[in-house]
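# Structural features, examined
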Amino acid sequence: FDMFVLAFVERVFRPTYKKDDIVLGKKLGEGSFGVVYRASLAKKSSSKDGDIVLKKATEYGAVEIWMNERVRRACANSCADFMYGFLENSTKKGVEYWLIWKFEGEATLADLLQSKEFPYNVEAIILGEVQDLPKGLERENRIIQTIMRQLLFALDGLHSTGIVHRDVKPQNIIFSEDSRTFKIIDLGAAADLRVGINYIPKEFLLDPRYAAPEQYIMSTQTPSAPSAPVATALSPVLWQLNLPDRFDIYSAGLIFLQMAFPALRTDSGLIQFNRQLKRCDYDLNAWRKTVEPRASAEIRRGFELLDLDSGIGWELLTSMVRYKARQRISAKGALAHPYFDREGLLALSFMQ
Ligand code: ADP
Ligand code: MG
């Protein structure tokens, strides 16, 4: 069946929305480029359509709409379900874009990480029940493994589509209650290198807590703002040369670390870790040598978790968090890593 026919059918039959259809609810977040609200649709085609998230964005909303449309067609399961985006001109202040998504759920990975129950709170929502099993490292490892697999799966979808997210962090990972999986949100800083779409100013780009050491995705030798036609021809090559996707892999590696070490879940803990790692020239094994001898019981427990199954978790982690982008594993490579050989949470439900 022809892709053009499909695209046409979608265009004609997919619902569109306007300002008056949307009833604003409470504010969920406010970033440099917009404000996010929980909202509902006044006239809903089915009761499930009611719950939405609305982002009122600045001029950069245009890029975010473009990214979300692309994800919708190419790797829908990676990200929150995008419904519609439009230019809402009515304000005197200037252009404003409105973007709407399905409301996926209450909790981001950041919320879940903050709980003392983590990772058991995640086990409960993924399996939909609390397991009557002894708590312990093995079980925690299975849960963390399941979260990492879902995150890497979503990233692999984006990267295979040619999109680098650039703002991967627990706040931008939502738990979708319907599919019981984690999905990525917030394509506001994403870059599509295959068509050269990338015009968020660099100074706003990176969250320093999760950013890889390389400042920019493209090396300084490559032209900084490729025009679309040139970029279309060149960018697969540039992608190979610069491996921009490995920027997201570094961030995902830091999330892996935060799941293993409770002390790194606070802002100050993560910032302190980043400073220590930098002092070790971004060598995780060197970092380990400096902290392990005088580590608290909790930190030793984190290493113990990563050391399970002959240190396979630690091996994966150290292949994600590396100074040089080209030495980091890809999302696809990580999914094929032996760390994931044993089923995660699913195995738990059959262990009894
Ligand atoms: P920004 O970080 O630019 O403010 P985000 O797109 O990250 O905007 O959204 C802000 C917050 O809104 C998220 O951290 C999350 O808590 C919530 N949120 C965003 N999209 C959804 C969604 N589809 N379903 C549920 N909650 C969402
Ligand atoms: Mg965000």
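Structure shown above.
The following paragraphs examine the structure supplied in this document. Note that the coordinates shown come from a computational prediction; the quantities given were computed from them, not determined experimentally. (Residues numbered from 1 in each chain as written. Chains lettered and ligands numbered in written order. Predicted model: local features only at pLDDT ≥ 70, side-chain atom pairs only at ≥ 80, totals over all residues. Heavy atoms only, no water.)

### Comments concerning the overall build of the protein
If you tally the helices and strands in the protein, you get 13 helices and nine strands. Counting across all 352 residues of the protein, residues that qualify as buried make up 52%. In the protein, the share of contacts with a sequence separation of at least 24, taken over all contacts with a separation of at least 6, comes to 68%. In the structure as shown, the protein presents an accessible area of about 17400 Å², 55% of it carried by carbon and sulfur atoms. (Helix = DSSP H or I, 4+ residues; strand = E, 2+ residues; numbered from the N terminus. Buried < 20%, exposed > 50% of the residue type's maximum accessible area, 1.4 Å probe, protein only. Contact = heavy atoms within 4.5 Å. Areas by Shrake-Rupley, 256 points an atom, 1.4 Å probe, with all protein chains shown as cover.)

### Quick notes on the nonpolar core
One broad trend across soluble globular proteins is that nonpolar side chains are buried collectively. Residues Trp287 and Met320 are the most contacted members of the largest nonpolar core, which totals 70 residues. In contact with tryptophan 287, not counting residues within four places along its chain, are Leu257, Phe261, Phe273, Gln276, Leu277, Cys280 and Phe303. Counting residues in hydrophobic clusters, the runner-up holds 12 residues, among them Ala39, Leu41, Ile52 and Trp98. (Core = buried A, V, L, I, M, F, W, Y, C linked by side-chain atoms within 4.5 Å.)

### Brief notes about the pattern of salt bridges
Within this structure, the stated rule accounts for 25 salt bridges. Between lysine 27 and glutamate 30 there is a salt bridge; the shortest N-O distance is 2.8 Å. Note that arginine 246 and aspartate 245 form a salt bridge whose closest N and O atoms lie 2.6 Å from each other. Judged on exposure class, the residue arginine 246 and its partner aspartate 245 are both buried. Taken together, the shared-partner salt bridges connect Asp167, Lys169, Asp207, Arg209 and Asp267 into one network. (Salt bridge = Lys/Arg side-chain N within 4 Å of Asp/Glu carboxyl O.)

### Topic: a nonpolar patch on the surface
On the surface, Val5, Phe8, Val9, Val12 and Phe13 cluster together into a nonpolar patch covering about 500 Å² of accessible area. If you trace the backbone, valine 5 turns up in helix H1 (residues 3–13). (Patch = residues over 30% accessible without salt bridge, like charges linked within 9 Å, V, L, I, M, F, W, Y side chains within 5 Å.)

### Things to note about helix H10 (residues 284–291)
Within H10 the residues assigned to the buried category are Leu284, Trp287, Arg288 and Val291. With its buried residues spanning 100 degrees around the axis, H10 presents them on a single face. At its buried positions, H10 is contacted by helix H8 (246–260), helix H9 (267–279) and helix H11 (297–320). Measuring from the backbone nitrogen of asparagine 285 back to the side-chain oxygen at the start of H10 gives 2.9 Å, which picks out aspartate 283 as the cap. (Arc of directions from axis to C-beta. Polar contact = N/O pair within 3.5 Å; in protein donor to acceptor, adjacent residues only side chain to side chain.)

### Re the site of ligand 1
Neighbouring residues of ligand 1: 18 residues in total, closest Lys102, Glu104, Gln171, Asn172 and Asp186. Lysine 55 places a side-chain nitrogen or oxygen 3.2 Å from an oxygen atom of ligand 1. One of the backbone nitrogen or oxygen atoms of glutamate 104 is found 2.9 Å away from a nitrogen atom of ligand 1. Summarising the interface, the protein chains cover 84% of the accessible area of ligand 1, which totals 540 Å² for the free molecule. Of all the cavities here, the one that holds ligand 1 is the largest pocket. For the shell around ligand 1, the elements supplying multiple residues, two or more each, are strand S1 (22–31), strand S3 (51–57) and strand S5 (97–102). Looking at the shell around ligand 1, its residues break down into eight nonpolar, five polar and five charged. (Near = heavy atom within 4 Å. 1 Å grid on protein atoms, 1.4 Å probe; cavity = no way out; pocket = protein on both sides within 12 Å on 5 of 7 lines; lining within 4 Å. Sits in = over half its atoms within 2 Å of the grid points. Nonpolar A, V, L, I, M, F, W, Y, C, P; charged D, E, K, R; others polar.)

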